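Listed here are the chains, written in short residue letters.
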Amino acid sequence: MSNNVGRDARQRDIIPPEQLSSCHAVIVGVGAIGRQVALQLAAIGVPDLYLIDPDRVEEVNLGCQGYLHADLGRSKVQATAELCRLMNPQIQVRVEVARFRRSLDMGDALFCCVDDMETRRRIWEAAQEQLQFFTDGRMSAEVARILTAVDSQSRKYHPTTLFASADAYQGACIAKSTSFTANIAAGLMLEQFSRWLRRYGGRGRQHTQKVFHRPRQARVFLPQAGAAHLEPNRQGCRAGLWRVAAYQPVRRRQHLL
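Below or above, wherever it landed, is the structure these notes cover.

1. Focus: the overall build of the protein
And then number 1: Each helix and strand counted, the protein has 7 helices and 9 strands in total.
And then number 2: Element-wise, carbon and sulfur atoms account for 49% of the exposed surface of the protein, whose accessible area totals about 13200 Å².

As C-alpha coordinates, then:
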(Lines give C-alpha, C1' and ligand atoms only; values in the text may rest on other atoms or scores of the structure.)
Protein backbone atom coordinates (compact mmCIF):
# COMPACT_ATOMS: atom_id res chain seq x y z
CA MET A 1 0.00 0.00 0.00
CA SER A 2 1.25 3.49 -0.83
CA ASN A 3 2.49 5.72 1.99
CA ASN A 4 0.69 8.65 0.32
CA VAL A 5 -2.49 8.27 2.36
CA GLY A 6 -5.09 10.78 3.46
CA ARG A 7 -8.83 11.35 3.50
CA ASP A 8 -8.82 11.67 -0.30
CA ALA A 9 -6.46 8.77 -1.06
CA ARG A 10 -9.11 6.75 -2.90
CA GLN A 11 -10.68 9.57 -4.88
CA ARG A 12 -7.74 11.58 -6.22
CA ASP A 13 -8.03 10.32 -9.79
CA ILE A 14 -11.75 11.17 -9.75
CA ILE A 15 -11.72 14.40 -7.73
CA PRO A 16 -8.42 16.22 -8.42
CA PRO A 17 -7.16 17.76 -5.16
CA GLU A 18 -5.50 20.75 -6.84
CA GLN A 19 -8.76 21.94 -8.39
CA LEU A 20 -10.79 21.05 -5.31
CA SER A 21 -8.47 23.00 -2.98
CA SER A 22 -9.35 26.31 -4.63
CA CYS A 23 -13.11 25.73 -4.86
CA HIS A 24 -15.63 27.86 -3.00
CA ALA A 25 -18.99 26.06 -3.00
CA VAL A 26 -22.36 27.62 -2.19
CA ILE A 27 -25.55 25.70 -1.40
CA VAL A 28 -28.88 27.53 -1.53
CA GLY A 29 -31.50 25.49 0.29
CA VAL A 30 -30.47 22.95 2.94
CA GLY A 31 -33.48 20.67 2.85
CA ALA A 32 -33.65 17.07 1.63
CA ILE A 33 -31.23 17.45 -1.30
CA GLY A 34 -29.18 20.41 -0.06
CA ARG A 35 -28.29 18.81 3.28
CA GLN A 36 -27.00 15.69 1.52
CA VAL A 37 -25.02 17.82 -0.96
CA ALA A 38 -23.39 19.65 1.96
CA LEU A 39 -22.41 16.43 3.73
CA GLN A 40 -21.01 14.92 0.54
CA LEU A 41 -19.01 18.07 -0.24
CA ALA A 42 -17.58 18.02 3.29
CA ALA A 43 -16.70 14.34 2.89
CA ILE A 44 -14.80 14.79 -0.38
CA GLY A 45 -12.84 17.70 1.09
CA VAL A 46 -14.25 20.96 -0.26
CA PRO A 47 -12.33 23.58 1.75
CA ASP A 48 -14.87 26.43 1.72
CA LEU A 49 -18.64 25.98 2.02
CA TYR A 50 -21.40 28.58 2.31
CA LEU A 51 -24.91 27.45 3.34
CA ILE A 52 -27.99 29.62 2.74
CA ASP A 53 -31.45 28.78 4.10
CA PRO A 54 -33.94 30.68 6.31
CA ASP A 55 -35.72 27.67 7.82
CA ARG A 56 -35.48 25.86 11.12
CA VAL A 57 -35.70 22.12 11.65
CA GLU A 58 -39.23 20.86 12.27
CA GLU A 59 -40.43 17.36 13.10
CA VAL A 60 -41.62 16.87 9.53
CA ASN A 61 -38.01 17.28 8.37
CA LEU A 62 -36.60 14.37 10.37
CA GLY A 63 -37.63 11.50 8.11
CA CYS A 64 -37.17 12.99 4.67
CA GLN A 65 -34.25 15.38 5.25
CA GLY A 66 -32.09 13.39 7.64
CA TYR A 67 -31.93 15.85 10.52
CA LEU A 68 -31.38 14.60 14.05
CA HIS A 69 -34.00 14.77 16.77
CA ALA A 70 -31.61 17.00 18.72
CA ASP A 71 -31.70 19.47 15.79
CA LEU A 72 -35.37 20.36 16.32
CA GLY A 73 -35.78 24.12 16.53
CA ARG A 74 -32.26 24.86 15.26
CA SER A 75 -31.61 26.61 11.98
CA LYS A 76 -30.99 24.10 9.21
CA VAL A 77 -27.75 25.77 8.16
CA GLN A 78 -26.32 25.68 11.69
CA ALA A 79 -27.25 22.04 12.22
CA THR A 80 -25.80 21.04 8.84
CA ALA A 81 -22.65 23.10 9.32
CA GLU A 82 -21.99 21.41 12.66
CA LEU A 83 -22.16 17.95 11.09
CA CYS A 84 -19.97 19.04 8.16
CA ARG A 85 -17.28 20.18 10.63
CA LEU A 86 -17.49 16.86 12.47
CA MET A 87 -16.98 15.02 9.19
CA ASN A 88 -14.11 17.25 8.09
CA PRO A 89 -12.46 19.42 10.78
CA GLN A 90 -10.49 21.32 8.14
CA ILE A 91 -13.52 22.67 6.30
CA GLN A 92 -14.51 26.32 6.60
CA VAL A 93 -18.29 26.64 6.74
CA ARG A 94 -20.19 29.93 6.71
CA VAL A 95 -23.94 30.13 7.17
CA GLU A 96 -26.70 32.56 6.26
CA VAL A 97 -30.03 32.14 8.05
CA ALA A 98 -31.89 34.04 5.37
CA ARG A 99 -33.45 33.75 1.96
CA PHE A 100 -31.27 34.06 -1.11
CA ARG A 101 -30.39 37.64 -2.09
CA ARG A 102 -28.44 38.93 -5.08
CA SER A 103 -25.98 40.60 -2.71
CA LEU A 104 -24.88 37.28 -1.18
CA ASP A 105 -21.59 35.63 -2.10
CA MET A 106 -22.18 33.11 -4.89
CA GLY A 107 -18.74 31.49 -4.94
CA ASP A 108 -17.60 29.76 -8.12
CA ALA A 109 -19.76 26.60 -7.79
CA LEU A 110 -23.41 26.97 -6.79
CA PHE A 111 -25.73 24.10 -5.86
CA CYS A 112 -29.35 25.21 -6.18
CA CYS A 113 -31.46 23.00 -3.89
CA VAL A 114 -34.58 25.08 -3.29
CA ASP A 115 -38.10 23.72 -3.52
CA ASP A 116 -39.98 26.29 -5.59
CA MET A 117 -39.58 27.45 -9.17
CA GLU A 118 -39.78 31.20 -8.59
CA THR A 119 -36.80 31.06 -6.22
CA ARG A 120 -34.90 28.96 -8.78
CA ARG A 121 -35.56 31.61 -11.38
CA ARG A 122 -34.28 34.41 -9.14
CA ILE A 123 -31.14 32.46 -8.29
CA TRP A 124 -30.45 31.67 -11.94
CA GLU A 125 -30.99 35.25 -13.07
CA ALA A 126 -28.61 36.52 -10.39
CA ALA A 127 -25.95 33.86 -10.82
CA GLN A 128 -25.84 32.90 -14.48
CA GLU A 129 -23.16 35.39 -15.50
CA GLN A 130 -21.04 35.06 -12.36
CA LEU A 131 -20.62 31.33 -11.86
CA GLN A 132 -18.32 28.82 -13.48
CA PHE A 133 -20.43 25.86 -12.29
CA PHE A 134 -24.19 25.79 -11.61
CA THR A 135 -26.28 22.73 -10.82
CA ASP A 136 -29.97 22.58 -9.96
CA GLY A 137 -31.45 19.63 -8.04
CA ARG A 138 -35.20 19.01 -8.13
CA MET A 139 -37.25 16.31 -6.47
CA SER A 140 -40.85 15.21 -6.16
CA ALA A 141 -41.40 12.09 -4.04
CA GLU A 142 -39.53 9.37 -6.01
CA VAL A 143 -38.52 11.41 -9.03
CA ALA A 144 -35.39 13.54 -9.23
CA ARG A 145 -34.05 15.79 -11.96
CA ILE A 146 -30.57 17.33 -12.08
CA LEU A 147 -29.62 20.10 -14.49
CA THR A 148 -26.12 21.54 -14.79
CA ALA A 149 -24.99 24.68 -16.63
CA VAL A 150 -21.31 25.28 -17.33
CA ASP A 151 -21.03 26.45 -20.95
CA SER A 152 -22.91 28.64 -23.44
CA GLN A 153 -25.15 25.83 -24.68
CA SER A 154 -26.21 24.60 -21.26
CA ARG A 155 -26.66 28.19 -20.03
CA LYS A 156 -28.96 28.85 -22.96
CA TYR A 157 -30.93 25.67 -22.24
CA HIS A 158 -31.43 26.09 -18.50
CA PRO A 159 -34.01 28.96 -18.63
CA THR A 160 -36.31 26.72 -20.71
CA THR A 161 -36.69 24.45 -17.66
CA LEU A 162 -37.91 27.27 -15.41
CA PHE A 163 -41.66 26.96 -15.89
CA ALA A 164 -44.21 28.86 -13.80
CA SER A 165 -44.94 27.48 -10.33
CA ALA A 166 -48.64 27.31 -11.23
CA ASP A 167 -47.80 24.78 -13.96
CA ALA A 168 -46.03 22.39 -11.59
CA TYR A 169 -47.59 19.07 -10.68
CA GLN A 170 -49.13 19.29 -7.21
CA GLY A 171 -48.92 15.94 -5.47
CA ALA A 172 -50.24 15.04 -2.03
CA CYS A 173 -48.32 16.69 0.82
CA ILE A 174 -47.61 13.24 2.30
CA ALA A 175 -45.91 12.14 -0.94
CA LYS A 176 -43.49 14.94 -1.69
CA SER A 177 -40.09 13.93 -0.38
CA THR A 178 -38.02 10.81 0.32
CA SER A 179 -34.55 10.64 1.82
CA PHE A 180 -33.37 7.94 -0.59
CA THR A 181 -34.29 9.99 -3.66
CA ALA A 182 -32.60 13.03 -2.11
CA ASN A 183 -29.42 11.00 -1.64
CA ILE A 184 -29.46 9.88 -5.27
CA ALA A 185 -30.06 13.45 -6.46
CA ALA A 186 -27.22 14.78 -4.29
CA GLY A 187 -24.89 12.06 -5.56
CA LEU A 188 -25.63 12.94 -9.17
CA MET A 189 -24.99 16.63 -8.46
CA LEU A 190 -21.62 15.70 -6.94
CA GLU A 191 -20.86 13.54 -9.99
CA GLN A 192 -21.44 16.55 -12.21
CA PHE A 193 -19.25 18.65 -9.92
CA SER A 194 -16.39 16.13 -10.00
CA ARG A 195 -16.65 15.88 -13.79
CA TRP A 196 -16.37 19.67 -14.00
CA LEU A 197 -13.33 19.68 -11.70
CA ARG A 198 -11.57 17.09 -13.86
CA ARG A 199 -12.23 18.82 -17.16
CA TYR A 200 -12.37 22.45 -16.25
CA GLY A 201 -11.82 23.43 -12.60
CA GLY A 202 -9.20 26.11 -12.09
CA ARG A 203 -8.50 26.72 -15.80
CA GLY A 204 -10.52 29.86 -16.39
CA ARG A 205 -13.84 30.67 -18.04
CA GLN A 206 -12.40 30.72 -21.56
CA HIS A 207 -12.28 26.91 -21.54
CA THR A 208 -15.93 26.30 -20.69
CA GLN A 209 -16.81 25.26 -24.25
CA LYS A 210 -14.71 22.10 -23.82
CA VAL A 211 -16.51 20.79 -20.77
CA PHE A 212 -19.96 19.52 -21.77
CA HIS A 213 -21.13 19.48 -25.36
CA ARG A 214 -24.81 19.23 -24.50
CA PRO A 215 -26.97 20.50 -21.63
CA ARG A 216 -26.21 18.43 -18.56
CA GLN A 217 -29.36 16.80 -17.34
CA ALA A 218 -30.01 13.76 -15.21
CA ARG A 219 -33.32 12.13 -14.37
CA VAL A 220 -33.86 9.33 -11.89
CA PHE A 221 -37.19 7.52 -11.92
CA LEU A 222 -37.78 5.02 -9.14
CA PRO A 223 -40.34 2.32 -10.05
CA GLN A 224 -43.07 1.30 -7.64
CA ALA A 225 -41.84 -2.25 -7.24
CA GLY A 226 -39.11 -4.65 -8.28
CA ALA A 227 -35.34 -4.42 -8.55
CA ALA A 228 -33.89 -1.41 -10.32
CA HIS A 229 -30.53 0.03 -11.21
CA LEU A 230 -29.25 3.24 -12.76
CA GLU A 231 -28.13 3.02 -16.36
CA PRO A 232 -27.44 5.58 -19.12
CA ASN A 233 -30.34 6.27 -21.42
CA ARG A 234 -29.17 5.28 -24.92
CA GLN A 235 -30.38 8.50 -26.50
CA GLY A 236 -29.10 10.71 -23.71
CA CYS A 237 -25.94 9.21 -22.26
CA ARG A 238 -23.73 11.91 -23.77
CA ALA A 239 -26.08 14.52 -22.36
CA GLY A 240 -25.92 13.02 -18.88
CA LEU A 241 -29.42 11.58 -19.02
CA TRP A 242 -29.94 8.70 -16.58
CA ARG A 243 -32.86 6.46 -15.75
CA VAL A 244 -33.73 3.47 -13.61
CA ALA A 245 -33.90 0.37 -15.77
CA ALA A 246 -37.45 -0.51 -14.69
CA TYR A 247 -38.78 3.00 -15.37
CA GLN A 248 -42.33 3.38 -16.63
CA PRO A 249 -43.22 6.79 -18.15
CA VAL A 250 -45.26 9.14 -16.00
CA ARG A 251 -47.87 10.90 -18.10
CA ARG A 252 -48.82 14.35 -16.85
CA ARG A 253 -50.12 17.43 -18.53
CA GLN A 254 -48.30 19.45 -15.93
CA HIS A 255 -44.56 19.73 -15.43
CA LEU A 256 -43.40 17.20 -12.86
CA LEU A 257 -40.03 18.84 -12.17
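2. Some thoughts on the pattern of salt bridges
And then number 1: Enumeration according to the criterion identifies 9 salt bridges in this entry.
And then number 2: Across the pair Asp-71 and Arg-74 runs a salt bridge whose closest N-O atoms are separated by 3.5 Å.
And then number 3: Given a relative accessible area of 4%, Asp-71 falls into the buried group.
And then number 4: Taking the shortest distance from any N to any O, the salt bridge between Arg-101 and Glu-96 comes out at 3.6 Å.

3. Digging into the pairing of strand β2 (residues 48-52)
And then number 1: Burial of β2 is extensive: 4 of the 5 residues sit out of reach of the surface.
And then number 2: Judged from the 5 bridges that link them, strand β1 (residues 24-28) and β2 form a sheet pairing that is parallel. Directly across from Ala-25, in β2, lies its bridge partner Leu-49.
And then number 3: Chirality of the crossover, the property in question, places the unit of β1, helix α2 (residues 32-44) and β2 among those that are right-handed.

4. Section: the nonpolar core
And then number 1: Core analysis: the largest hydrophobic core is formed by 43 residues, its most contacted members being Ile-27, Val-37, Leu-41, Leu-49, Leu-51, Phe-111 and Phe-193.
And then number 2: Those elements that place two or more of their residues in this core are β1, α2, β2, α4 (76-87), β4 (109-112), β5 (133-140), β6 (143-149) and α7 (179-199).
And then number 3: Broken down by element, the residue count for this core peaks at 9 residues, all from α7.
And then number 4: Residues contacting Leu-49, with those up to four places away along its chain left out, are Ala-25, Ile-27, Ala-38, Leu-41, Cys-84, Ile-91, Gln-92, Val-93 and Arg-94.
And then number 5: The next biggest cluster of nonpolar side chains, apart from the first, holds 20 residues, and it includes Val-26, Tyr-50, Val-114 and Ala-126.

5. Regarding the side chain of Thr-135
And then number 1: Structurally, the position occupied by Thr-135 is in strand β5.
And then number 2: Residue Thr-135 is classed as buried on the basis of its relative accessible area of 0%.
And then number 3: The contacts of Thr-135, once residues within four sequence positions are left out, are Leu-110, Phe-111, Cys-112, Ile-146, Leu-147, Thr-148 and Met-189.

6. Here we look at the packing of aromatic side chains
And then number 1: Per the stated rule, a full pass over the model turns up 6 aromatic pairs.
And then number 2: Centre to centre, the rings of Phe-111 and Phe-133 are 5.7 Å apart; their planes meet at 55 degrees, and the pair counts as tilted. Within this pair, whereas Phe-111 is found in strand β4, its partner Phe-133 is found in strand β5, the two being separated by 22 residues in sequence.
And then number 3: On the accessibility criterion, Phe-111 (0% relative accessible area) is buried.

Cut-off values and rules
- Residues numbered from 1 in each chain as written.
- Predicted model: local features only at pLDDT ≥ 70, side-chain atom pairs only at ≥ 80, totals over all residues.
- Heavy atoms only, no water.
- Helix = DSSP H or I, 4+ residues; strand = E, 2+ residues; numbered from the N terminus.
- Areas by Shrake-Rupley, 256 points an atom, 1.4 Å probe, with all protein chains shown as cover.
- Salt bridge = Lys/Arg side-chain N within 4 Å of Asp/Glu carboxyl O.
- Buried < 20%, exposed > 50% of the residue type's maximum accessible area, 1.4 Å probe, protein only.
- Pairing = 2+ DSSP bridges.
- Right-handed = clockwise from strand over helix to strand, strands pointing away.
- Core = buried A, V, L, I, M, F, W, Y, C linked by side-chain atoms within 4.5 Å.
- Contact = heavy atoms within 4.5 Å.
- Phe/Tyr/Trp six-rings, centres within 6.5 Å; stacked < 30°, edge-to-face > 60°.

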